[in-house]
Amino acid sequence: MSEKSTAILQQYWKHDSFRTPQQEIIEAVLAGEDTVALLPTGGGKSICFQVPALMSDGVCIVISPLIALMQDQVKSLVAKGIKATSIASGSSQDAIITLFDNIRFGHIKFLYISPERLQSRFIQDKIKQLHVNLIAIDEAHCISEWGHDFRPSYQKIALLKELQPNVPFIALTATATQKVLEDIVLSLTLDKPQIFKKSFYRKNLAYQIFDTQDTLHQLKQIFIKTKAPAIVYANSRARTKNISAYLNANGFKSSFYHAGLSVLDKQRAFDNWMTEKTPIIVATNAFGMGIDKPNVKVVVHVNLPASIENYIQEAGRGGRDGNKAFSVVLTNKNELTDSQILLEKSLPTIKEIKTIHRQLYQHFQITNGELIETPFGFNLLEFCDKYQIAPKKTYNALQILNSHGIIELNTNFNQKSSILFTVTSQQILHVQKTHKNLASKKFIQTLLRLYTGVFENPIKIDEFFIAKKAGITSDKVSEELERMVADNLLEYHKTTDTTELYFLHPREDDTTINRVSKNIKAYLNQKKRKNKELIHFIKNNTRCRSIQLLAYFDENSTEKCGICDVCLQEKHTFTVNSTDIIKLLSQQNTLTVSEIALHLAQKEAHILILLQVLISEEKIAISNNHYSLS
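Residues numbered from 1 in each chain as written. Predicted model: local features only at pLDDT ≥ 70, side-chain atom pairs only at ≥ 80, totals over all residues. Heavy atoms only, no water.

**Overview of the overall build of the protein**
Inference 1: Check the secondary structure of the protein and you find 26 helices and 22 strands.
Inference 2: A globule of 630 residues ought to have a C-alpha radius of gyration of about 25 Å, and the protein, at 27 Å, matches this closely.
Inference 3: With the C-alpha coordinates aligned to their principal axes, the bounding extent of the protein is approximately 85 × 70 × 60 Å.
Inference 4: Split into buried and exposed, the 630 residues of the protein put 53% on the buried side.
Inference 5: Expressed as a percentage of contacts within the protein between residues at least 6 apart in sequence, the contacts between residues at least 24 apart total 75%. (Helix = DSSP H or I, 4+ residues; strand = E, 2+ residues; numbered from the N terminus. Rg over C-alpha atoms; globule rule 2.2 N^0.38 Å. Buried < 20%, exposed > 50% of the residue type's maximum accessible area, 1.4 Å probe, protein only. Contact = heavy atoms within 4.5 Å.)

Structure follows, in structure tokens:
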């Protein structure tokens, strides 16, 4: 059995062996046992259900919380030559019938579906008819009210046990405490499950938290020393762009990434980072799905993440090759205070959620009792401007409505543009041969080589892929296609990046929210609690960072990592101390860290550690990279 699973691993993933404990998990699944797998970021969770599913007849049903995540995984499997599909938002009943027929008779191995979609009686009846070999619940921590991303619809997944009573379950997560694991087992009614937990301990990852008033200067210092690939996480779209511009202006190569970019711009930024054309990427937490770059040396947070779970996931993208890597948080007292204030301002109350929900119906002129099942094009900023409401709070309200099954949002994550030639193949070949512009001739040739059947039916295209093959930019690809449209040679339907919004219930205003208000309140309280836990971790500079994180996830360890900021502070012995720095500053008024190191004949790294302590004790202050007495 292990030889067959290894052969599949080699065939589709090009790996020669499994990571611990992937092989054991796969064997448990193949033995028909319910299984829970807690594998921290980079542990290879997907392989644990994808390999056994490929080894068995039938289809694997995968429950996943995000449309974008489902589309990303389907795309990845299809690229490997594995048949996979998902139920698209707004699919008609006829489209769903066709999809399930394709699953039954087309040897499709994976069906990705959201927990909200699973509540449809029609889809439940269709699932009953399938030959299912495995049910995988991805991001299973969403089941628990104690998890960092609770989704009430996850608590109804157990109905699959009734639809497919003889099929094993595997629940997977990267972040779960013991309480969350217990909730997963209980909610899914798992039968004596095999539980696999991989330690969160990362011996090669140094967790370092620095108090700084000058984030950009600190970033500059980090990247002067580190030339390897890096991720910088920021909390706003504008800040990703501004930080990237600062780094580029200072001689570094960086790009930025956030949810508001077009599909092409996201792909361009991602590819440039993966190929290390721009080894630094500055991103919001929208950057994370499907990242498996092993040689990331530094992950920097210039703003606090939402929770310890988010932090350890994002930090864990560093050092997957086993070499030493750094997770750096740049913060200060004001940042810690501001994070709590900003969270309070960005989280909507139940009353505000009711108002925004009602305004959505008004915006699209939907009357009481009416349900329109077709999608609406939705522009968040336009909506906020119309009703004079804060975008951040509105966005969070919409996400709450989405996760509680009241609306469905589809951001067109992976939609493609399409083209269809309106002339014959002979005519286009004649145009290609006689075209005066050499670049346009080459472009038409590339287009014909890449896409077949383009004279009979609309064909989905990827402008970024065409650009790479033609040796031009994706913007130039769009220009060439628009020119061909103007010349009446083809039809070009360019993908839009607007959000599609679906209403899942008839308009009942407050009544709809009242049904789920208890769950919403629990979710809002959990967000605040998670923020407090994170701030406590950041402030605790007397206990090894690794020990703190392991304790949070119920791992009892007393072995210090030796490489975090707390351990380094304990290890270093200095020929100077804090008193020497205070005495020097009283004489010199203001000095940079380099000047202090020079005066005291010490390494800058040693002086920085002492300065951090003095700042935290509010004995000194920093302004424009100069230190002075408080």
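**Quick word on helix α6 (residues 121–128)**
Inference 1: Every buried residue of α6 is accounted for by I123, Q124, K126 and I127. Burial along α6 is one-sided: seen end-on, the buried residues are contained in an arc of 160°. Every exposed residue of α6 that faces more than 90 degrees away from the buried side is listed here: R121 and K128.
Inference 2: Residues of α6 that are buried in the fold lie against β2 (59–63), α5 (93–105), β4 (110–113), β5 (132–137) and α7 (159–163). (Arc of directions from axis to C-beta.)

**Section: empty space enclosed by the protein**
Inference 1: Scanning all chains against the criterion turns up 2 cavities of 30 Å³ or more.
Inference 2: By volume, the largest cavity is sized at about 60 Å³.
Inference 3: Forming the boundary of the largest cavity are V431, H435, S440, I444, E480, R483, M484, D487 and L489.
Inference 4: Elements that contribute at least two residues to the lining of the largest cavity include exactly α18 (438–450) and α20 (474–486).
Inference 5: Tallied by class, residues from the lining of the largest cavity come to 4 nonpolar, 2 polar and 3 charged.
Inference 6: Its boundaries defined by the atoms lining it, the second largest cavity holds a volume of some 30 Å³.
Inference 7: Residues of the lining of the second largest cavity, tallied by class, amount to 5 nonpolar, 1 polar and 2 charged. (1 Å grid on protein atoms, 1.4 Å probe; cavity = no way out; pocket = protein on both sides within 12 Å on 5 of 7 lines; lining within 4 Å. Points joined across faces, edges and corners; volume = space filled by probe spheres on them. Nonpolar A, V, L, I, M, F, W, Y, C, P; charged D, E, K, R; others polar.)

**Some remarks on the pairing of strand β11 (residues 280–283)**
Remark: a regular strand shows side chains that alternate across the two faces of the sheet.
Inference 1: Residues I280 and V282 line one face of β11 and the alternating positions I281 and A283 line the opposite face, and both faces are buried.
Inference 2: Here 4 bridges tie strand β9 (residues 230–233) to β11, and the two strands are oriented parallel to one another. Each bridged residue has a counterpart across the sheet, and for A230 the counterpart in β11 is I280.
Inference 3: Relative to β11, strand β10 (residues 254–257) is paired through 4 bridges, and the arrangement is parallel. Of the residues in β11, the one forming a bridge with S255 is I281.
Inference 4: Tracing the backbone out of β10, into helix α11 (residues 263–274) and back to the parallel element β11 gives a crossover that is right-handed. (Pairing = 2+ DSSP bridges. Right-handed = clockwise from strand over helix to strand, strands pointing away.)

**Brief notes about the nonpolar core**
Inference 1: In this structure, I63, F100, L111, I137, I157, L160 and L188 are the most contacted members of the largest nonpolar core, which totals 58 residues.
Inference 2: Each of domain 1 (1–197) and domain 2 (205–331 + 540–557) contributes no fewer than three residues to this core.
Inference 3: With residues up to four places along the chain from it excluded, the contact list for L160 reads I63, L118, I127, I135 and F169.
Inference 4: Residues I25, I26, L39 and M70 belong to the second largest nonpolar core, which totals 31 residues. (Core = buried A, V, L, I, M, F, W, Y, C linked by side-chain atoms within 4.5 Å. Domains from an automatic or database assignment.)

**A few points about unusual backbone geometry**
Inference 1: Each neighbour pair has its own omega, and for T20 with P21 the value is 0°, a cis peptide bond.
Inference 2: Within the fold, P21 resides in the loop between α1 (2–13) and α2 (22–30).
Inference 3: A positive phi is found at K192, a non-glycine position, where the angle reads about 40°.
Inference 4: Within the fold, K192 resides in the loop between α8 (178–187) and β7 (194–197).
Inference 5: Note on K192: relative accessible area 74%, which makes it exposed.
Inference 6: Despite not being glycine, N624 has its phi angle at roughly 50°, a positive value.

**Thoughts on the domain arrangement of the protein**
Inference 1: Examined at the domain level, the protein breaks down into domain 1 (1–197), domain 2 (205–331 + 540–557), domain 3 (342–413 + 499–528), domain 4 (418–493) and domain 5 (574–629).
Inference 2: Facing 6 residues of domain 2, the contacting portion of domain 5 comprises 5 residues.
Inference 3: It is D211, Q213 and D214 that lose the most area in domain 2 upon contact with domain 5, and together they represent 58% of the buried surface on that side.
Inference 4: Run the count over domain 2 and domain 5 and you get 0 salt bridges. (Buried area = accessible area lost by both parts, 1.4 Å probe. Salt bridge = Lys/Arg side-chain N within 4 Å of Asp/Glu carboxyl O.)

**Concerning the packing of α11 against helix α19 (residues 463–470)**
Inference 1: At their nearest, the axes of α11 and α19 sit 9 Å apart, and the two run at 50° to each other. When the axis of α11 is compared with that of α19, the two are oblique. Every residue of α19 that contacts α11 at L264, Q267, R268 and D271 is listed here: E463, F464 and K468.
Inference 2: The residue makeup of the contact of α11 with α19, split by class, is 2 nonpolar, 1 polar and 4 charged. (Axes fitted to C-alpha atoms, helices over the stretch in contact; angles between N-to-C directions. Parallel < 35°, antiparallel > 145°, perpendicular 65-115°, else oblique.)

**Let's talk about α2**
Inference 1: Taken together, the buried positions of α2 are Q22, Q23, I25, I26, A28 and V29.
Inference 2: Looking at the packing, one finds that the buried side of α2 touches α1, β1 (35–38), α3 (45–54), β5, β6 (169–173) and β7.
Inference 3: One or two residues past the end of α2 sits G32, with phi positive at roughly 85°.

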